[in-house]
Amino acid sequence: MVAMIDSICLQQILAGEVEALEELLKIEEKMENILIKGDAKALHGINMQKEELIKIINEAEKQRRGVYTSSLTLKEYISKEKPPAAEELERIRKRLLQLQASLQRQQKINRHLLRHNLRFLEYVLEGLFPQKGVPRYLSSGEVKQKIIVSGLLDSNA
């Protein structure tokens, strides 16, 4: 059985994770608008904010692993051990699941927007600066070899 102080400490750590994940979700939603607008400068700033929040989340996870060493899931711990903060821990657990699902959904949208923007940039660059027979990387990470006779800005312009 985990001591009472541990369940209270666990509650505080998880509540901190909820706050950080809520903030991360807001940032991901802002990122969607930035990607739609194509504002590269704002994208850089928002990525810096995400990086800081991810550091906070990683630190909270380290703390959680230090406090919660049980092999039980949080749901199992709450139902079997019935800690003093069981109701609050269950509320936090459900909120963490909601946030995880929302973040996954938003990140999937943002990934699609990023890929779309990269494909568009690739198309524009290929039209302006064709590379005859020179391998280039696509947004997918694959090597593309395509010979284009001429473009808007090539050595013949």
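Spanning 43 residues, helix α4 (residues 86-128) covers 62 Å between terminal C-alpha atoms, matching the ideal 63 Å at 1.5 Å per step. The complete set of buried residues in α4 reads Ala86, Leu89, Glu90, Ile92, Arg93, Leu96, Leu99, Leu103, Gln106, Asn110, Glu122 and Glu126.

This part takes up the layout of surface pockets. Volume-wise, the largest pocket comes out at about 410 Å³. For the largest pocket, the lining is made up of 17 residues, of which Leu14, Glu17, Glu61, Arg64 and Leu96 are closest to its centre. Listed by contribution, the elements that provide at least two residues to the lining of the largest pocket are α1 (4-37), α2 (40-67) and α4. Looking at the lining of the largest pocket residue by residue, the class counts come to 11 nonpolar, 2 polar and 4 charged. Computed from the structure, the second largest pocket encloses a volume of approximately 210 Å³. Looking at the second largest pocket, the residues that line it are Ile34, Leu35, Gly38, Asp39, Ala40, Leu43, Leu114, Asn117, Leu118, Phe120, Leu121 and Val124. For the lining of the second largest pocket, the elements supplying multiple residues, two or more each, are α1, α2 and α4.

Now for the environment of Cys9. Within the fold, Cys9 resides in helix α1. When its relative accessible area of 26% is taken as the criterion, Cys9 is described as partly exposed.

Now for the packing of helix α3 (residues 74-81) against α4. Relative orientation and spacing of two packed helices are given, respectively, by the angle between their axes and the distance between those axes. It is the contact of α3 with α4, at a shortest axis distance of 10 Å, that shows an interaxial angle of 160°. Accordingly, the angle class assigned to the pair α3 and α4 is roughly antiparallel. Handedness of the crossing formed by α3 with α4: left-handed. Contact residues: Leu74, Lys75, Tyr77 and Ile78 in α3; Ala86, Leu89, Glu90 and Arg93 in α4. Grouping the amino acids of the contact of α3 with α4 by side-chain chemistry returns 5 nonpolar, no polar and 3 charged.

Procedures and definitions
Here, residues in each chain are numbered from 1, in the same order as that chain's written sequence. With the structure being a predicted model, the display of local features is reserved for residues of pLDDT at least 70 and the display and counting of side-chain atom pairs for 80 or more, all residues being used for whole-chain, interface and lining totals. Excluding hydrogens and water, the side-chain figures rest on all heavy atoms present in the structure. Only DSSP runs of H or I reaching four residues or more are called helices, and only runs of E reaching two or more are called strands; each is numbered from the N terminus. Expected helix span is given by 1.5 Å per residue-to-residue step, counting one fewer step than there are residues. The classification of residues rests on relative accessible area computed with a 1.4 Å probe and restricted to protein chains. Under 20% of the type maximum is buried, over 50% is exposed, and intermediate values are partly exposed. Cavities and pockets are found on a 1 Å grid laid over the protein atoms alone: a cavity is a set of points where a 1.4 Å probe fits but cannot escape, a pocket is an open set with protein on both sides within 12 Å along at least five of seven lines, and a lining residue has an atom within 4 Å of such a point. Grid points are joined across faces, edges and corners, and a volume is the space filled by probe spheres set on the points. Following the grouping adopted for this structure description, the nonpolar residues are Ala, Val, Leu, Ile, Met, Phe, Trp, Tyr, Cys and Pro, the charged ones are Asp, Glu, Lys and Arg, and the polar ones are all others, Gly among them. Angular values range over 0 to 180 degrees, each being the angle between N-to-C directions of two axes fitted as lines to C-alpha atoms, with helices fitted over their stretch in contact. When describing relative orientation, an angle under 35 degrees is termed roughly parallel and one over 145 degrees roughly antiparallel, while 65 to 115 degrees is termed roughly perpendicular and anything else oblique. Each crossing is labelled by how the near helix is turned from the far one, with a counterclockwise turn of less than a right angle marking it left-handed and a clockwise turn marking it right-handed. Contacts were defined at the residue level, with two residues in contact if any of their heavy atoms lie within 4.5 Å.

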